[in-house]
Structure formats: structure tokens, C-alpha cells
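Each chain, written out:
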Amino acid sequence: MPASRELVVRGTPIHLMQDGTGPALLFLHGAGGAGHWLAFQERLAERFSVYFPSHPGHGGSPAAEWIEHISDLAFHYLDLLDQLGLERVNLVGASFGGWIAAEMATMASHRLASLVLIDPVGIRVDGWIYPFLFGMDIPEIVATIFHNPMAALALAPPDQSIDTLALQYRQGAALARVAWNPYLYDPLLRRRLGRIGSPTLLCWGAHDRLAPVSPCGETWAKAIPGARLQIFDESGHVPHLEEPDAVAETVAEFCRREGAR
């Protein structure tokens, strides 16, 4: 089981899970993924020291009113690396976490031994408008995010208590602060992706309905110098949840190879 601890990063309290030994790997979760240490993280911890923080306002991390833009979260995690004494890490981000990771990479590629983005959102893609998740009920969200709806059970809330509902509201509000308008993208990010100098792997679910491989994955692959695009045939928007063993093996091998250079 991973160890859990509370940290304060430049005055901002966060919850951090950590396990494993080996090279440092920072994992940034997507919406709804805070605090869920699942098979994917377990597999990575067999080869890496995995650091898994909850974004401010998500999971066990309280809201931070100063976070008003996606770049604030990117700087927050660069500050976390400083506090943990990690000069260079393998950075893995999924969906919303992939957006944050990409922002970090445009700012400080020299801090990254490797970069893995799993079905990231965050850029405006020609000919595509992201489905509006904030207006969907739970069954619609599950159908949009998952190819196999049963995989959604891993992120299901434990109950419908007042505390659980309050947490869901807090997480939705924290996401909306940085992702509502413009919806799910930073107008400046796409043109900055060319600044990324770290080895980059894009993992994409073949059945992603939120950010499809074509045109979204293909756009990311063209924008990041030397990026490799790997498709997972049995997944939607969250292949690390739907095919955890295959995705973890691909990610671990990429980080091990590129991080050793």
C-alpha cells in the first residue's frame, strides 16, 4: 500500500501518495482520479518511485483560491518538485493531468527525463469541440469517457453521503476554475508545444469520445517534436484505467529507456 502524507507547497496544502523504488515518476491525475491508487500506479511502482499528488481542490487536497489558470497548477507542481528535492523526473499526466503536464513541459523541459501524456486535453483542435462534461449526468459522462463502462466502477464514489457530495462539488468547482472558459483548453498552449524538448510518448484510447485520436491525438503528435503516438485498441479516454497492465508496461518501458539517457 502507498504511504500517504500531507504537504504544504508555498502555502498550499496538498495530499500526496507515494510508493515504489527507482527513478522518480510524478503522476498527475485526471478529473475524478484523485486519491485512487489503482492497478496502473501499482504496476509503475514496481519500477519507479511514484509520487501521486491530488490537485488542489481534488481528493484530500483542499481548494486553493489563488489558482485561477492552468499555468498556476503547472507552477504549483514545479514548486512541488523543488520541495521534494527532485531535479528531474519522469512526468506522466492523464487527461486534465496531461494538460497540466504539457504546460509544465513547455516551461521546464530540462526538469523532465521523459514525458507521457495519456489522452490529454488542453489545446484547441481544428474541427473539434470537446463535449461539455459539466452539462452531463453521470451515465452520459461514463459513456463519453469509458469504452468499457464497468471500468468506471474503480472511480465510483463510496456512497451518497453529504461529505461525498460536498467533495464532488468541490472537485467540480476546482476543475471549472481553470477549464470552464475557454472550455478544456489554453489558447496559448498549442503554439508553445514546439518548445517541449523532453522525449514524449502520447498514449491514446482508440475509442476516446472526449478527445478522439483523430483529430486530437494526431494534432498533439504533430505539435510536439519527436513525439510518439501509441494507440490502445480496447480503451476510451482513460486507457490507464481500462488497460492498466498494457499501458503501464508501455509507459514504464518508455520512461526507463528515455530516462536512462
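Residues numbered from 1 in each chain as written. Predicted model: local features only at pLDDT ≥ 70, side-chain atom pairs only at ≥ 80, totals over all residues. Heavy atoms only, no water.

## Remarks on unusual backbone geometry
Going by this rule: Only DSSP runs of H or I reaching four residues or more are called helices, and only runs of E reaching two or more are called strands; each is numbered from the N terminus.
With an omega of 0 degrees, the peptide bond between Asn-181 and Pro-182 qualifies as cis. Turning to its location among the elements, Pro-182 is positioned in the loop between helix 5 (162–179) and helix 6 (189–192). Here the amide bond leading from Ser-214 into Pro-215 is cis, since omega sits at 20 degrees, within 30 degrees of zero. Among the structural elements, Pro-215 can be located in helix 7 (residues 213–223). A positive phi angle, near 45 degrees, is found at Asp-119, a position not held by glycine. Tracing the backbone shows Asp-119 in the loop between strand 6 (112–118) and helix 4 (138–145). Phi at Leu-184 takes a positive value of approximately 65 degrees, unusual for a residue other than glycine.

## Brief notes about the nonpolar core
Side chains of nonpolar character tend, in soluble globular proteins, to be buried together. Heads up, the condition is: Only buried Ala, Val, Leu, Ile, Met, Phe, Trp, Tyr and Cys residues count toward a nonpolar core, and they belong to the same one when joined by side-chain atoms within 4.5 Å. In this scheme, a residue with accessible area under 20% of its type's maximum is buried, one over 50% is exposed, and one in between is partly exposed, where area comes from a 1.4 Å probe on protein chains only. Note on contacts: a residue pair qualifies if any of its non-hydrogen atoms lie within 4.5 Å across the two residues.
In terms of nonpolar packing, the biggest core is built from 61 residues, with Leu-26, Met-104, Tyr-130 and Trp-220 touching the most fellow members. Contact partners of Trp-220, with chain neighbours within four places excluded, come to Ala-102, Leu-117, Pro-120, Val-121, Gly-122, Ile-123, Leu-189, Leu-193, Leu-202 and Trp-204. Core analysis: the next-biggest nonpolar cluster, separate from the first, contains 23 residues, Met-17, Ala-45, Val-116 and Leu-201 among them.

## Let's talk about the pairing of strand 5 (residues 89–94)
Quick reminder of the rule: For two strands to be treated as a pair, DSSP must find at least two bridges joining them. By convention, a crossover is right-handed whenever its connection, traced from the first strand over the helix to the second and viewed with the strands pointing away, goes clockwise.
Burial runs high along strand 5: six of the six residues are buried. A two-sided burial pattern is seen for strand 5, the buried positions comprising Val-89, Leu-91 and Gly-93 on one face and Asn-90, Val-92 and Ala-94 on the other. Two strands pair when backbone bridges link them, and strand 3 (residues 24–28) and strand 5 are joined in this way by four bridges, in the parallel orientation. Within the sheet, the bridge partner assigned to Leu-28 lies in strand 5 and is Gly-93. In the sheet, strand 5 pairs with strand 6 via six bridges, with the strands oriented parallel. When the bridges of strand 6 are listed, Ala-94 appears paired with Ile-118. Tracing the backbone out of strand 5, into helix 3 (residues 96–108) and back to the parallel element strand 6 gives a crossover that is right-handed.

## Observations concerning the pairing of strand 3
For strand 3, the tally of buried residues reaches five of five residues, placing the bulk of the element in the interior. Of the two faces of strand 3, the one carrying Ala-24, Leu-26 and Leu-28 and the one carrying Leu-25 and Phe-27 are both buried. Bridging between strand 3 and strand 4 (residues 49–53) involves three bridges; their strand directions are parallel. Within strand 4, the residue paired with Ala-24 across the bridge is Ser-49. For the handedness criterion, the β-α-β arrangement of strand 3, helix 1 (residues 39–44) and strand 4 is classed as right-handed.

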